[in-house]
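The chain contents come next:
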Amino acid sequence: MVDISQAKSICMDASEVDRALTRIAHQILEANKGASDVALVGIVTRGDTLAMRLRDIIRDIEGIEVPLGKLDISFYRDDFATYISPELLNTDIPFDIDGLHVVLVDDVLYTGRTIRAALDALMDIGRPACVQLAVLADRGHRELPIRADYVGKNIPSSSSENVRLYLEEIDGITAMAIFDIAPGSRPGSAPLPQKGGER
Amino acid sequence: MAFNHKHLIDIREYSADDIMLLLETAQRFKQINERRIKKVPTLKGFTVVNMFNEPSTRTRSSFEIAEKRLSCDVLNFGGSSTSSVKGESLTDTVETLCSYKIDMIVVRDKHAGVPRKIADTVDAHVIDAGDGKHQHPTQALLDLYSIWQQFGHIEGLRVGIVGDISHSRVCGSLIPSLKTLGAHVTIIAPPTLIPLNPEVLGVDEVSLKLDEVLPSLDVVYMLRIQRERLEGAPFPSLREYHMLFGLTKERDALMKPEAIICHPGPINRGVELDSYMADNPARSVILDQVYAGVLVRMAALYLLLGGNEQ
């Protein structure tokens, strides 16, 4: 279980996350006139787990199991020269994305640079009919002309803060929390693995 | 995890964690090599010089494919076109190259120590692509990767390396790295092809009889008999070598059912390896090794060049 007592504030609890995801699932179905052409692709880490939850909700509503994939954007990042992720991630999209309505799923939309990288990564894999973006939180501070189609919650934040999502499946607790960025640490939404822990 | 290496020259400088990070990173590149667009923009803008002062087909092509799949700009250099033919010193050559603001030199040379000399001379990253009879670290990495993929682990495996140990730079990197990862290593060869002090390499056992060791091995690593280096007549004939140390069809029955066969290539069919064994899909991972070469070289480029600027 992750300790979130250091958080400045909790901006979403588990039931708020559930309700936001249920609403996003309905919005995806409405915008795409059902689920038949929809595929969900989550950005690792956290986005892939959110995509899995969305797939389950869509199955409950529509009775259709939409294709589910996960996307690792490490090799498409624009800050490779200064930083390489310590996490060992993998892309796994076990279906052909050509012609599908691909919904990219991520936890927090911030500068937009992750989404820029994700779009490039997706285009190297295939040619979807369209790409939409679903995020659980939009915290502003965009550095690129990118916006989300589906937003769980708008969270006004300062650039000296970190907005992090914790999920039951990974962290043992579900919550969206705001932290101050510790001196010397990197901004970024996903909590990094503990030092000396699993690599 | 911290990967604090600027060069890949001496595999003995790499810890078990460093090597496993390279292998795990290599595995991440598999997915890119198996899709239609086999290229990512990660190393866009980085310039890599492949300086091969000795003939090489597979290592050079494997490096070039790895570099191109990561979007590096590649300059191939060496052979009869090198200015060493015109009498230029190695130092002058690499300093000239570095005036072009290159980021990395991948070097193959017939003299041991050349990669280190280059690393000491210029600011670029250096990967040793084989130096003399010294080391060939990316070959060791691709061997480790292939073994790891087969067994899921390396610790505790019994690895037998058969053949010309004393002329082998592959052994110079493979044996120490297998030991770093906790494997048990036996070398098997005629006495004339065993180095004077095999314990320096870190081997656990030395054997002169393949048939005695074969039943205990998980990995049988056959080295190429380098016909061009046999001027001292270390054994009476290739036929005799084949009978005593070659992996023949008959020896298949002596091997563990799950044992695999590795070979760094190119194969001398009928000398160290029968075609039956080299092409046996249940045992031979030789083509997997070639593929792994691209993956581990991509991993080395990625980890050495990434995250260095402030």
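All values derive from a computational prediction rather than experimental measurement. (Residues numbered from 1 in each chain as written. Chains lettered and ligands numbered in written order. Predicted model: local features only at pLDDT ≥ 70, side-chain atom pairs only at ≥ 80, totals over all residues. Heavy atoms only, no water.)

J.: Hey, could you run me through the overall build of chain A in this one?
T.: Each helix and strand counted, chain A has four helices and eight strands in total. Each helix and strand of chain A, placed in order from N terminus to C terminus, yields the pattern β-α-β-α-β-β-α-β-β-β-α-β. Over its C-alpha trace chain A gives a radius of gyration of 16 Å, about what one expects of a compact globule, namely 16 Å for 199 residues. C-alpha extents for chain A along the principal axes are approximately 45 × 40 × 35 Å. Pairs at least 24 apart in sequence give 71% of the contacts found in chain A among residues at least 6 apart. Of the side-chain charges in chain A, 21 are positive and 31 negative, and the distance between the mean point of each set is 4 Å. (Helix = DSSP H or I, 4+ residues; strand = E, 2+ residues; numbered from the N terminus. Rg over C-alpha atoms; globule rule 2.2 N^0.38 Å. Contact = heavy atoms within 4.5 Å. Lys, Arg positive; Asp, Glu negative; His and termini not counted. Charge placed at Lys NZ, Arg CZ, Asp CG, Glu CD.)

J.: What is the right way to read the environment of Val135(A) from this model?
T.: All names here are of chain A. Within the element layout of this structure, valine 135 appears in strand β5 (residues 130–138). Exposure remark for valine 135: the relative accessible area of 2% places this residue in the buried category. Through-space distance from the C-alpha of valine 135 to that of proline 156 is 15 Å; in sequence the pair is 21 residues apart. Every residue in contact with valine 135, bar those within four places of it in the chain, is listed here: Ile24, Asp106, Asp107, Leu109, Ala148, Tyr150, Val151 and Gly152. (Buried < 20%, exposed > 50% of the residue type's maximum accessible area, 1.4 Å probe, protein only.)

J.: I tried to follow the interface of chain A and chain B on my own but got confused; where do I start?
T.: Residue-level contacts link 19 residues of chain A with 27 residues of chain B. Summing both sides of the interface, chain A and chain B together bury roughly 2000 Å²; the carbon and sulfur share of this comes to 60%. In this structure, the connection of chain A to chain B is made through two salt bridges. Between Arg28(B) and Asp72(A) there is a salt bridge, with the nearest N and O atoms lying 3.0 Å from each other. Counting the contacts that link chain A with chain B gives five residue pairs in polar contact (both at pLDDT 80 or more). Classifying every residue of the side of chain A that touches chain B by side-chain character gives eleven nonpolar, four polar and four charged. (Buried area = accessible area lost by both parts, 1.4 Å probe. Salt bridge = Lys/Arg side-chain N within 4 Å of Asp/Glu carboxyl O. Polar contact = N/O pair within 3.5 Å; in protein donor to acceptor, adjacent residues only side chain to side chain. Nonpolar A, V, L, I, M, F, W, Y, C, P; charged D, E, K, R; others polar.)

J.: Could you clarify how one ought to interpret the sheet that holds strand β1 (residues 9–12) of chain A in this entry?
T.: Adjacent strands of a sheet form backbone hydrogen bonds with each other and so pair up, either parallel or antiparallel. Residues and elements named next belong to chain A. In spatial order, the strands read β1-β8-β7; together these three strands make up an open sheet with antiparallel pairing. Here the strands that pair on one side only, and so sit at the sheet edges, are β1 and β7 (161–166). Averaged over all adjacent pairs, the angle separating strand axes in this sheet is 30°, with direction ignored. Note that β7 and strand β8 (residues 175–180) share six bridges and pair antiparallel. For tyrosine 166, the partnering residue across the bridge sits in β8 and is alanine 175. (Pairing = 2+ DSSP bridges. Axes fitted to C-alpha atoms, helices over the stretch in contact; angles between N-to-C directions.)

J.: Would you explain the confidence of the model for chain A in this entry?
T.: Caution applies to low-pLDDT parts of the model: their predicted coordinates are not meant to be read in detail. Looking at chain A, the pLDDT average stands at 90 and 90% of residues meet or exceed 70. Residue range residues 193–199 of chain A is modelled with pLDDT below 50. Its contacts to residues more than four positions away, or to other chains, number nine contacts. (pLDDT = per-residue confidence, 0-100.)

J.: Looking at this structure, I do not really get the packing of aromatic side chains. What am I missing?
T.: For any pair of aromatic rings, the description rests on two quantities: the centre-to-centre distance and the angle between the ring planes. Summed over the entire model, instances satisfying the criterion amount to ten aromatic pairs over all chains. With 5.1 Å between their ring centres and 80° between their planes, Phe75(A) and Tyr302(B) make a pair best called edge-to-face. Residue Phe75(A) is located in the loop between β3 (68–71) and β4 (101–109), and its partner Tyr302(B) is located in helix α11 (residues 286–305); the two belong to separate chains. Taken together, the ring pairs in this structure connect Phe75(A), Phe80(A), Phe29(B), Phe46(B) and Tyr302(B) into an aromatic cluster. A cation over a ring is seen here: Arg139(A) above Tyr110(A), with NZ or CZ 3.8 Å from the ring centre. (Phe/Tyr/Trp six-rings, centres within 6.5 Å; stacked < 30°, edge-to-face > 60°. Lys NZ or Arg CZ within 6 Å of the ring centre and 35° of its normal.)

J.: Would you mind going over the sheet that holds strand β8 (residues 219–222) of chain B with me for this structure?
T.: All names here are of chain B. As summarised here, the arrangement of the five strands in space is β7-β6-β5-β8-β9, forming an open sheet in which the pairing is parallel. A single partner strand is all that each edge strand has here, and the edge strands are β7 (205–207) and β9 (260–262). Direction aside, neighbouring strands of the sheet carry axes that sit 20° apart on average. Summarising the sheet, β8 and β9 pair through three bridges and their orientation is parallel.

J.: I'm lost on the environment of Ala292(B) in this one. Help?
T.: All names here are of chain B. Along the chain, the position of alanine 292 falls in helix α11. Spatially, the C-alpha atom of alanine 292 lies 18 Å from that of valine 40, the residues being 252 residues apart in sequence. Dropping the residues within four chain positions of it, alanine 292 is found in contact with Leu142, Tyr145 and Ser146.

J.: Just checking my understanding: could you explain the domain arrangement of chain B for this structure?
T.: Often, the extent of an interface is quoted as the loss of accessible area on bringing the components together. All names here are of chain B. One can read the domain layout of chain B as domain 1 (11–131 + 290–305) and domain 2 (137–285). Here the C-alpha centroids of domain 1 and domain 2 sit 26 Å apart. Between domain 1 and domain 2, the contact holds 27 residues from the first and 21 residues from the second. With both sides pooled, the region where domain 1 packs onto domain 2 buries about 2000 Å², and carbon together with sulfur makes up 69% of that total. Among the residues domain 1 hides against domain 2, the three largest losses belong to Ile11, Leu23 and Arg58. Together they make up 28% of the total. (Domains from an automatic or database assignment.)

J.: What is the right way to read the side chain of His125(B) from this model?
T.: Tracing the sequence through the fold places His125(B) in strand β4 (residues 125–131). A distance of 2.8 Å separates a polar side-chain atom of His125(B) from the backbone oxygen of Lys6(B).

J.: Help me understand the pattern of salt bridges in this model?
T.: Pairs may arise between side chains of opposite charge once their charged atoms sit close together. Inspection of the entire model under this criterion finds 31 salt bridges over all chains. Across the pair Asp180(A) and Lys8(A) runs a salt bridge, and its minimum N-O distance is 3.1 Å. With Asp180(A) in strand β8 and Lys8(A) in the segment before β1, this pair connects stretches of sequence that are 172 residues apart. Since its relative accessible area comes to 47%, Lys8(A) is described here as partly exposed. A salt bridge links Asp204(B) to Lys179(B); the nearest nitrogen and oxygen atoms lie 2.6 Å apart. Here Asp204(B), found in the loop between β6 (184–188) and β7, pairs with Lys179(B), found in helix α7 (residues 169–180); they are 25 residues apart in sequence, far enough to count as distant. Residues joined in a network through salt bridges with shared partners are Arg55(A), Asp56(A), Arg59(A) and Glu65(A).

J.: When you look at the environment of Ile57(A) in this model, what are you seeing that I'm missing?
T.: Residue and element names in this part refer to chain A. Counting through the fold element by element, isoleucine 57 comes out in helix α2 (residues 47–62). A sequence separation of 32 residues divides isoleucine 57 from alanine 25, and the C-alpha atoms of the two residues are 6.7 Å apart. Aside from chain neighbours lying at most four places away, what touches isoleucine 57 is Leu21, Thr22 and Ala25.

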